[in-house]
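Breakdown of the fold
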There are 2 protein chains.
Amino acid sequence: MQQRQPTKLGALAAGLGLLAAVAAPWPAAAADAAAGKAKAMQCAVCHGPNGLSSAPDAPNLAGQPALYVAAQLKAYRSGERKHEVMAVMAKPLTDADIDNLAAWFASIKVTAQLP
Amino acid sequence: MQQRQPTKLGALAAGLGLLAAVAAPWPAAAADAAAGKAKAMQCAVCHGPNGLSSAPDAPNLAGQPALYVAAQLKAYRSGERKHEVMAVMAKPLTDADIDNLAAWFASIKVTAQLP
C-alpha cells in the first residue's frame, strides 16, 4: 500500500482548513440580524425601540460594533461585568442569541452631529 | 429690634435653597462640555473623532447619556469594570474630567436609521 507523503500544497490546504475551523466561531459571522431584532424587543424598555436609550443610565445600542455588543453580553452573562438588570437579561441568552442581537444592533445605522 | 418671624414664603425659599444645594452635585449639572471636548481628543483613536467608534471592540460614545458615561468611566477608574486600555485612560481622570467628558459625549446628537 502506497503511503502518501505530505506535500507543500497538502500542508497549505490543511493549514487553510485549520484557519477556516478557527475562523468559524467569529461573532456575527453567521448571525441572524432578523432573529436578533425579534429578540431585541426585550431590550427596548431601557435601550429604546431603535436602540437609542430611553433611560439615563442605559447606553444607546444602535450602531454599536457587533464584536463589542457580543463581548458585553457575554461579560454580563458570566458576571464579569456587573449590572443588576443586565445580569437577569443576559443569563438565559445562548451564544447564538448574543450573536444575533449583536448583528441586529450593529445593523442600525447611526449618524452623529456635533453641537 | 424687631425679630423676623419665619413665614411660609421664607420656609419655601429655604426649602428651595436646600433643594438647590442637594441638586448641585448631580452629574454634568455644572459640567463643562467644551473642556470635555478638549479632553476627548485622547478618546478619538478608538472611539472616533465624532464619538463614533473606529475600532471593532470600542463602543460609540456619541450621544450616550451623561450619567452612563460618567458611571462607566468611574467604574474603569476604580477597576470595577475591567479593560486593559480603559484602565490606563481612566486612572488619571478627576471627577470633574469625567463629568466634562460625559457632558461632551452626551451633547453630540445621534440619529438612528433602522435597516
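Scroll up for the structure.
A brief structural summary. Owing to the predicted nature of the structure, the values given are computational and were not obtained by experimental measurement.

What counts, and at which threshold
Residues numbered from 1 in each chain as written. Chains lettered and ligands numbered in written order. Predicted model: local features only at pLDDT ≥ 70, side-chain atom pairs only at ≥ 80, totals over all residues. Heavy atoms only, no water. Helix = DSSP H or I, 4+ residues; strand = E, 2+ residues; numbered from the N terminus. Buried < 20%, exposed > 50% of the residue type's maximum accessible area, 1.4 Å probe, protein only. Areas by Shrake-Rupley, 256 points an atom, 1.4 Å probe, with all protein chains shown as cover. Salt bridge = Lys/Arg side-chain N within 4 Å of Asp/Glu carboxyl O. Polar contact = N/O pair within 3.5 Å; in protein donor to acceptor, adjacent residues only side chain to side chain. Contact = heavy atoms within 4.5 Å. Buried area = accessible area lost by both parts, 1.4 Å probe. Nonpolar A, V, L, I, M, F, W, Y, C, P; charged D, E, K, R; others polar.

Regarding the overall build of chain A
Across its full length, chain A carries six helices and one strand. Looking at chain A residue by residue over its 115 residues, the buried ones come to 33%. Surface summary for chain A: the accessible area is close to 7,300 Å², and the carbon and sulfur share equals 64%.

Regarding the pattern of salt bridges
All names here are of chain A. Using the criterion set out here, one finds four salt bridges over all chains in the structure. In this structure, R77 and D95 form a salt bridge, with 2.6 Å as the shortest nitrogen-oxygen distance. Here R77, found in helix 4 (residues 66–78), pairs with D95, found in helix 6 (residues 95–107); they are 18 residues apart in sequence, far enough to count as distant. Take R77: its relative accessible area is 30%, and that puts it in the partly exposed class.

Here we look at the side chain of N60(B)
With respect to the element layout, N60(B) can be found in the loop between helix 3 (44–47) and helix 4 (66–78). Looking at N60(B), the relative accessible area reads 6%, which means it is buried. Polar side-chain contacts of N60(B) include one of 3.0 Å to the backbone oxygen of G63(A). Apart from the residues lying within four places of it in its own chain, the contact partners of N60(B) are A62(A), G63(A), Q64(A), V110(A), G51(B), L52(B) and S53(B).

What to know about the interface of chain B and chain A
With 27 residues of chain B in contact, the opposing surface of chain A contributes 27 residues. Both faces considered, chain B and chain A share a buried interface measuring about 2,500 Å² in area, 57% of it formed by carbon and sulfur atoms. Inspection of the chain B/chain A interface yields zero salt bridges. Where chain B touches chain A, the interface holds 11 residue pairs in polar contact (both at pLDDT 80 or more). Elements represented by at least two residues in the side of chain B that touches chain A include exactly helix 4, helix 6 (95–107) and strand 1 (109–113) of chain B. At five residues, the largest contribution of residues to the side of chain B that touches chain A is made by strand 1 of chain B. Across the side of chain B that touches chain A, the residue classes break down as 15 nonpolar, nine polar and three charged.

From the geometry alone we can't say anything about function, so treat these as descriptive.
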